[in-house]
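A structural walkthrough
Here is what each chain is made of, one letter per residue.
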Amino acid sequence: MFTADDRTPTDSWFTANIQQIHPSGDCWMMDVSPESGNTCDSYGIKNRKSERPTSASNKTHGQKERCHSVEGVQRQKIFGEKLNRKWKKFPWTRQKRYISGIPRQVLKAFTKRIGYRNFGAHSSIREIFDYIIESKLVCRACTELQGSKFLQHQIIHCNWADRLDILDQVVEKLISICKQKYGNLVVQCFFELGNPSVEREILLRMKNSLCDIAMSEYGSWVLQRAILSTNNELLQIVSDVIVPHAYMLALDNFGHHVLQRIIEHGSGAIVHALLVNVIGRRRNSRLIQLSKDVYGCRFIQRMLENTSPVDRGVIINTILGSTRAFFAVCKHQYGNYVVQHILSHFGEQYSMVVMDLLECKLSKMAKKQVLLKCFGSAIQTWW
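Residues numbered from 1 in each chain as written. Predicted model: local features only at pLDDT ≥ 70, side-chain atom pairs only at ≥ 80, totals over all residues. Heavy atoms only, no water.

Turning our attention to the overall build of the chain. Within the chain, the regular secondary structure consists of 21 helices and five strands. Within the chain, the proportion of its 383 residues that are buried is 41%. When contacts within the chain are restricted to residue pairs at least 6 apart in sequence, those whose partners lie at least 24 apart make up 60%. About 22800 Å² of surface is accessible on the chain, with carbon and sulfur atoms providing 50% of the total. (Helix = DSSP H or I, 4+ residues; strand = E, 2+ residues; numbered from the N terminus. Buried < 20%, exposed > 50% of the residue type's maximum accessible area, 1.4 Å probe, protein only. Contact = heavy atoms within 4.5 Å. Areas by Shrake-Rupley, 256 points an atom, 1.4 Å probe, with all protein chains shown as cover.)

Glancing now at the pattern of salt bridges. One pass over the structure, following the stated rule, counts seven salt bridges. The salt bridge involving Asp212 is made with Lys179; its shortest N-O contact spans 2.5 Å. Here Asp212 is found in helix H10 (residues 210-214), whereas its partner Lys179 is found in the loop between helix H7 (174-178) and helix H8 (183-191), with 33 residues between them in sequence. When the shortest N-O distance is used, the salt bridge between Glu264 and Arg261 registers 3.2 Å. On the criterion of helical spacing, the pair formed by Glu264 and Arg261 is a turn pair, its members being three residues apart in helix H14 (residues 255-265). Through salt bridges with shared partners, a single ionic network connects Arg126, Asp130 and Asp162. (Salt bridge = Lys/Arg side-chain N within 4 Å of Asp/Glu carboxyl O.)

Here Asn336 lies in helix H20 (residues 335-358). Here the side chain of Asn336 touches Gln340 through a polar contact of 2.7 Å, side chain to side chain. (Polar contact = N/O pair within 3.5 Å; in protein donor to acceptor, adjacent residues only side chain to side chain.)

This brings us to a negative patch on the surface. Taken together, the side chains of Asp165, Asp168, Glu172 and Glu201 make up a negatively charged region of the molecular surface. Along the chain, Glu172 turns up in the loop between helix H6 (160-170) and H7. A relative accessible area of 60% places Glu172 in the exposed class. (Patch = residues over 30% accessible without salt bridge, like charges linked within 9 Å, V, L, I, M, F, W, Y side chains within 5 Å. Lys, Arg positive; Asp, Glu negative; His and termini not counted. Charge placed at Lys NZ, Arg CZ, Asp CG, Glu CD.)

With that out of the way, let us pick up helix H11 (residues 217-229). Along its 13 residues, H11 runs 19 Å from first to last C-alpha, staying within 8% of the 18 Å computed at 1.5 Å per residue. Every buried residue belonging to H11 is among Tyr218, Gly219, Ser220, Val222, Leu223, Gln224, Ala226 and Ile227, and all of these are buried. In this structure, the buried side of H11 is in contact with H7, H8, helix H9 (196-206), H10, helix H12 (232-242) and H14. (Expected span 1.5 Å × (residues − 1).)

The next subject is the packing of aromatic side chains. Summed over all chains, the structure comprises four aromatic pairs. Lying across the ring of Trp160, Arg163 places its NZ or CZ 4.8 Å from the centre. Over the face of the ring belonging to Tyr247 we find Arg286, whose NZ or CZ atom lies 4.1 Å from the ring centre. (Phe/Tyr/Trp six-rings, centres within 6.5 Å; stacked < 30°, edge-to-face > 60°. Lys NZ or Arg CZ within 6 Å of the ring centre and 35° of its normal.)

Glancing now at the packing of H9 against H12. Running from N to C, H9 and H12 cross one another at 5 degrees; their axes reach a closest spacing of 11 Å. Classified by the angle their axes make, H9 and H12 are roughly parallel. When H9 is examined against H12, the residues Pro196, Glu199, Arg200, Leu203 and Leu204 are found in contact with a partner set consisting of Glu233, Leu234, Ile237 and Val238. Taken together, the residues that form the contact of H9 with H12 break down as six nonpolar, no polar and three charged. (Axes fitted to C-alpha atoms, helices over the stretch in contact; angles between N-to-C directions. Parallel < 35°, antiparallel > 145°, perpendicular 65-115°, else oblique. Nonpolar A, V, L, I, M, F, W, Y, C, P; charged D, E, K, R; others polar.)

Glancing now at the confidence of the model for the chain. Here the chain averages 77 in pLDDT, while 67% of its residues score no lower than 70. The low-confidence segment residues 24-48, where pLDDT is below 50, has 32 contacts with residues more than four positions distant or belonging to other chains. Across residues 55-98, where pLDDT falls below 50, the model places 54 contacts with residues more than four positions away in sequence or in other chains. (pLDDT = per-residue confidence, 0-100.)

Mapped onto the elements, Gly266 comes out in the loop between H14 and helix H15 (268-279). Along the primary structure Gly266 and Asn231 are separated by 35 residues, whereas in three dimensions their C-alpha atoms are 9.9 Å apart. Other than its neighbours up to four places away in sequence, Gly266 contacts Leu235, Arg261 and Val271.

Our focus in this paragraph is the environment of Val294. Mapped onto the secondary structure, Val294 falls in the loop between helix H16 (283-291) and helix H17 (296-306). The partly exposed category is assigned to Val294, whose relative accessible area is 27%. In sequence terms Val294 and Asp252 are 42 residues apart; their C-alpha atoms lie 9.4 Å from each other.

The next thing to look at is H9. The α-helix advances 3.6 residues per turn, and as a result positions three or four apart in sequence lie on the same side. Within H9, the full set of buried residues consists of Val198, Glu199, Ile202, Leu203 and Met206. For H9, the angular spread of the buried residues around the axis is 125 degrees, confining them to a single face. On its buried side, H9 packs onto H6, H7, H8, H10, H11 and H12. (Arc of directions from axis to C-beta.)

Here we take up the packing of helix H19 (residues 323-330) against H20. Running from N to C, H19 and H20 point in directions that differ by 140 degrees, and their axes come no closer than 12 Å. For the element pair H19 / H20, the angle class is oblique. With respect to the hand of their crossing, H19 and H20 are arranged in left-handed fashion. In contact with Thr323, Phe326, Phe327, Val329 and Cys330 of H19, H20 contributes Gly335, Asn336, Val339, Val354, Leu357 and Leu358. For the contact of H19 with H20, the class distribution of residues is eight nonpolar, three polar and no charged. (Left-handed = near helix turned anticlockwise from the far one by under 90°.)

This part covers the environment of His272. Of note, His272 is situated in helix H15. Here the alpha-carbon distance between His272 and Thr307, two residues 35 residues apart in the chain, equals 7.1 Å. At 2.9 Å, the side chain of His272 and the side chain of Asp311 are in polar contact.

What follows is the structure, given as structure tokens:
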């Protein structure tokens, strides 16, 4: 073994090669000439040992961390070495990934049902999503639980271009999707985005079938979500269709829930129009009939809480203005809840009126819950 300083002046080939490898001579060589005992007639060149430590396998460098100093100077730090206090670590930035929102095994079964054949260990959610969009399988995916979950997760987390791709296929069969057990959840997700233009498009597509949707189990969920999320302008679109059919919806198993959301979130003008259309020309009979209905009594209670004092007086005077009507409501299985509601919220004004009506029949109605409300309100008034 020898260095550049050991070379002889007559070895011109050696000098040229040393200078070609590194002009400064900062390297070392091994003599593999025939005189050294080797059979090869060449020079084997070995570079200087790297300053950076390597792993145990001597093939890859150790893991490094990126650091930056308070003064803004950047450097690399070997993993495992203690960092100086003036150096602060900052995390690696990761690219946003598409995720499905459902377990991978369940996702595999779902992709098999929709005909996606390329699912494997390296299958990306983006590829599955593109397959659903390009194959126009959004409506089919809405009909099952896992497909609905997959679409809901994409609507909430993906970009607007992908959301609109889903919406374009949903609106083609919007009414049927709203009535489906899992499809209605996909439609509800669009109202959670807070985009008035998307909400308007959906409501206008539903406009001619709003009453039909309101009286279906799952469709009523969509309308309630829409009422809670939309602004006053879009709420007016819903109320213009719903109000003329208010009496029919108030007696419906699912429709009365939609009316209650309108009463709670609508303006005073909408609530007044709702009451006028419910009572119609037969004011007394319709209010009494609603008070005695299992769903209508809930509608009356919401009206008492949210309507104007004038309209509230119309309802209460209809119930308490006639002894016959009052006892018909008070003795009824569901009507008594309306009387209790009046005494609970407006007892100071009407508790004595109820006591006067019940004075001649207290002994016969001693077991009724309405008496407890009457006596409680009356005692507070007397004290």
